Amino acid sequence: MSLQTALLTLLLTAVSGLGGFVAAWLNTPLPFMLGPLITSGTLALFWNHRLPDTYRFPQKVRTVFMVIIGVMIGTRVTPEVVQTLPTYLTSFSLLVLFVLAAHALNYTVFRRIGGYDRATAFYAGTPGGLLEALAMGEEAGANIAILTMQQFLRIIAVITIVPVALSLWYHTPVGSASGVTLARTGADLHALPLVLGIGLIGLFIGTAIRLPAAQLTGPLLAAAAVTVTGLADLPIPQWLVNLSQVVIGTSLGMRFAGLKGSAMIRATWLSLLSVTGMLMLGLICALILHPLTGLDLDVLLISFAPGGVTEMALVALSLHANPAIVTLHHIARIILTVIEMSFAVRLLPRDND
């Protein structure tokens, strides 16, 4: 990586990081991911011509921070969470059907109504696994700018609609807007070498066995194995999680270069159509499971809402519900989505067939 590329990357990340602080000040959901994404996306759309023609956000830089995010997600799979798995077999079974139905619905929306090519429609339509879908979609030749926008619009729509709707229903703020947090207190840098070591081992093994989106799923599974077996504690400071989100958000926003206003408008209304359909599917699943499991309807609804894991867990916490239940369902949704798209893509015909 040249000195010019390094300096430009550092500057873009710093400017986008300011967007994250502004988003946090405004109490927006996922501020350190969405703020930098919007900031860098704006720069890519309107000022990309001021950057060198050969500039691309360094892939290796993004990979390092994706490894950290993968480890963070993996640490949420605790022994306590694993012990509760048999309790939710009924809802997990229905979650399989939800993933299949939601992906089929979204593919139809993006392919038949939106007119996207098959690869873009397929990966844009996944009801979860944002980073996995982006990584696999890029390998499959999807339009990465449109794919990135559709996936982030899905999350933005869900983490906006669900908390706002529940806030209006309960007449009080819920989620990150209510001030609750999942940040782990007391975490410092003493475990950082171990975190990176576990993450890199997971990356190496995931790449060797050709895991989908190995830079994320490999570290995730490695960290989950370490956490569940009790081999080590992997505390990650909140500032490092925030920094990782800033870097990833910045790198993804820079991919908006070349998009036009008409494409953004089309992506927005397609996303609203897609998310509305998925939320209706989630509500149907919640209504079916409510009498069978005894879980509250609102907890089941946010467990099936295809949005960010963190924000949905925060919504559960602000509703005085167990966030582990919600987190468990969302981790299962992500894993099921990655497995499903890994197999279903083999059935996807090429555009020139």
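None of these values were measured; they are calculated from a predicted model.

What counts and how
Residues numbered from 1 in each chain as written. Predicted model: local features only at pLDDT ≥ 70, side-chain atom pairs only at ≥ 80, totals over all residues. Heavy atoms only, no water. Helix = DSSP H or I, 4+ residues; strand = E, 2+ residues; numbered from the N terminus. Buried < 20%, exposed > 50% of the residue type's maximum accessible area, 1.4 Å probe, protein only. Contact = heavy atoms within 4.5 Å. Areas by Shrake-Rupley, 256 points an atom, 1.4 Å probe, with all protein chains shown as cover. Patch = residues over 30% accessible without salt bridge, like charges linked within 9 Å, V, L, I, M, F, W, Y side chains within 5 Å. Salt bridge = Lys/Arg side-chain N within 4 Å of Asp/Glu carboxyl O. Axes fitted to C-alpha atoms, helices over the stretch in contact; angles between N-to-C directions. Parallel < 35°, antiparallel > 145°, perpendicular 65-115°, else oblique. Left-handed = near helix turned anticlockwise from the far one by under 90°. Nonpolar A, V, L, I, M, F, W, Y, C, P; charged D, E, K, R; others polar. Phe/Tyr/Trp six-rings, centres within 6.5 Å; stacked < 30°, edge-to-face > 60°. pLDDT = per-residue confidence, 0-100. Core = buried A, V, L, I, M, F, W, Y, C linked by side-chain atoms within 4.5 Å. Polar contact = N/O pair within 3.5 Å; in protein donor to acceptor, adjacent residues only side chain to side chain.

## Quick word on the overall build of the protein
For step 1, the next point in the chain: Within the protein, the secondary structure is distributed over 15 helices and zero strands.
For step 2, the next point in the chain: Evaluated residue by residue, the protein yields a buried proportion of 55% over its 353 residues.
For step 3, the next point in the chain: For the protein, long-range pairs separated by at least 24 residues make up 78% of all intrachain contacts whose partners lie at least 6 apart in sequence.
For step 4, the next point in the chain: Accessible surface computed for the protein: about 16400 Å², of which carbon and sulfur atoms make up 68%.

## Some points on a nonpolar patch on the surface
For step 1, the next point in the chain: A cluster of nonpolar side chains, namely Ile113, Ile265, Trp269 and Leu273, defines an oily patch on the protein surface of about 400 Å² accessible area.
For step 2, the next point in the chain: Of the residues forming the nonpolar patch, the biggest block, three residues, is contributed by helix α12 (residues 261-293).
For step 3, the next point in the chain: Checked against the element boundaries, Leu273 lands in helix α12.

## Topic: the packing of helix α7 (residues 130-140) against helix α8 (residues 144-170)
For step 1, the next point in the chain: The geometry of α7 relative to α8 is characterised by a closest axis approach of 10 Å and an angle of 165° between their N-to-C directions. The orientation of α7 with respect to α8, classified from their angle, is roughly antiparallel. Note on packing geometry: the crossing formed by α7 with α8 is right-handed. Here α7 contributes Leu130, Ala133, Leu134, Gly137 and Glu138 to the contact with α8, which in turn contributes Ile144, Leu147, Thr148, Gln151, Phe152, Arg154 and Ile155.
For step 2, the next point in the chain: Counted by class, the contact of α7 with α8 contains seven nonpolar, three polar and two charged residues.

## Quick look at the pattern of salt bridges
For step 1, the next point in the chain: On inspection of all chains with the given rule, the structure shows one salt bridge.
For step 2, the next point in the chain: A salt bridge links Arg62 to Glu138; the shortest N-O distance between them is 3.9 Å. Remark: Glu138 occurs in helix α7 and Arg62 occurs in helix α3 (residues 59-74); sequence separation between them is 76 residues.

## Quick look at the packing of aromatic side chains
For step 1, the next point in the chain: According to the stated counting rule, one finds six aromatic pairs in the structure shown.
For step 2, the next point in the chain: Summarising the aromatic geometry, the rings of Phe98 and Phe304 are spaced 5.6 Å apart at their centres and angled 90° between planes, so their arrangement reads as edge-to-face. With Phe98 in helix α5 (residues 89-113) and Phe304 in helix α13 (residues 297-304), this residue pair connects regions lying 206 residues apart in the sequence. Here the two residues Phe98 and Phe304 agree in accessibility, since each one is buried.
For step 3, the next point in the chain: Relative to Tyr123, the ring of Phe122 lies with its centre 4.9 Å away and its plane at 85°, an arrangement referred to as edge-to-face. The residues Phe122 and Tyr123 share a single accessibility class, namely buried.

## A word on the confidence of the model for the protein
For step 1, the next point in the chain: With 88% of its residues at a pLDDT of 70 or more, the protein has an overall mean of 82.
For step 2, the next point in the chain: Per-element confidence in the protein is highest for α5, whose mean pLDDT is 93, and lowest for helix α14 (residues 309-318), whose mean pLDDT is 67.

## A word on the nonpolar core
For step 1, the next point in the chain: Core analysis: the largest hydrophobic core is formed by 95 residues, its most contacted members being Leu131, Val162, Ile236, Ile248, Ile302 and Met312.
For step 2, the next point in the chain: If you tally residues by element for this core, the top one is α8, at 13 residues.
For step 3, the next point in the chain: Excluding its chain neighbours within four sequence positions, the residues that come into contact with Met312 are Val158, Ile159, Val162, Pro163, Ile302, Ala305, Val326 and His330.

## Considering the packing of α3 against helix α9 (residues 192-208)
For step 1, the next point in the chain: The contact between α3 and α9 brings their axes to 9 Å, and the two run at 100°. One element, α3, and the other, α9, form an angle in the roughly perpendicular class. Residues Thr63, Val67, Ile68 and Val71 of α3 form the contact with α9, whose participating residues are Val195, Leu196, Gly199, Leu200 and Leu203.
For step 2, the next point in the chain: In terms of residue class, the contact of α3 with α9 is made up of seven nonpolar, two polar and no charged.

## Focus: the environment of His330
For step 1, the next point in the chain: Along the chain, His330 turns up in helix α15 (residues 323-344).
For step 2, the next point in the chain: Taking the C-alpha atoms as reference, His330 lies 8.6 Å from Met312; in sequence the two are 18 residues apart.
For step 3, the next point in the chain: Side-chain polar atoms of His330 contact the side chain of Arg333, separated by 2.7 Å.

## A short note on the side chain of Ser251
For step 1, the next point in the chain: Relative to the elements of secondary structure, Ser251 occurs in helix α11 (residues 238-253).
For step 2, the next point in the chain: Among the polar contacts made by the side chain of Ser251, one reaches the main-chain carbonyl oxygen of Ile248 at a distance of 2.8 Å.
For step 3, the next point in the chain: Contact partners of Ser251, with chain neighbours within four places excluded, come to Phe57 and Arg62.

## Let's talk about the environment of Ala332
For step 1, the next point in the chain: Structurally, the position occupied by Ala332 is in helix α15.
For step 2, the next point in the chain: Among the residues examined, Ala332 registers a relative accessible area of 16% and is labelled buried.
For step 3, the next point in the chain: In sequence terms Ala332 and Phe92 are 240 residues apart; their C-alpha atoms lie 7.5 Å from each other.
For step 4, the next point in the chain: When residues no more than four places from it in sequence are discounted, the contact partners of Ala332 are Phe92 and Leu95.

## Points about α7
For step 1, the next point in the chain: Most of α7 sits inside the fold, with eight of its 11 residues counted as buried.
For step 2, the next point in the chain: Among the residues of α7, those classed as buried are Leu130, Leu131, Glu132, Ala133, Leu134, Ala135, Met136 and Gly137.
For step 3, the next point in the chain: Positive phi appears at Gly141, one or two residues downstream of α7, with a value of about 85°.

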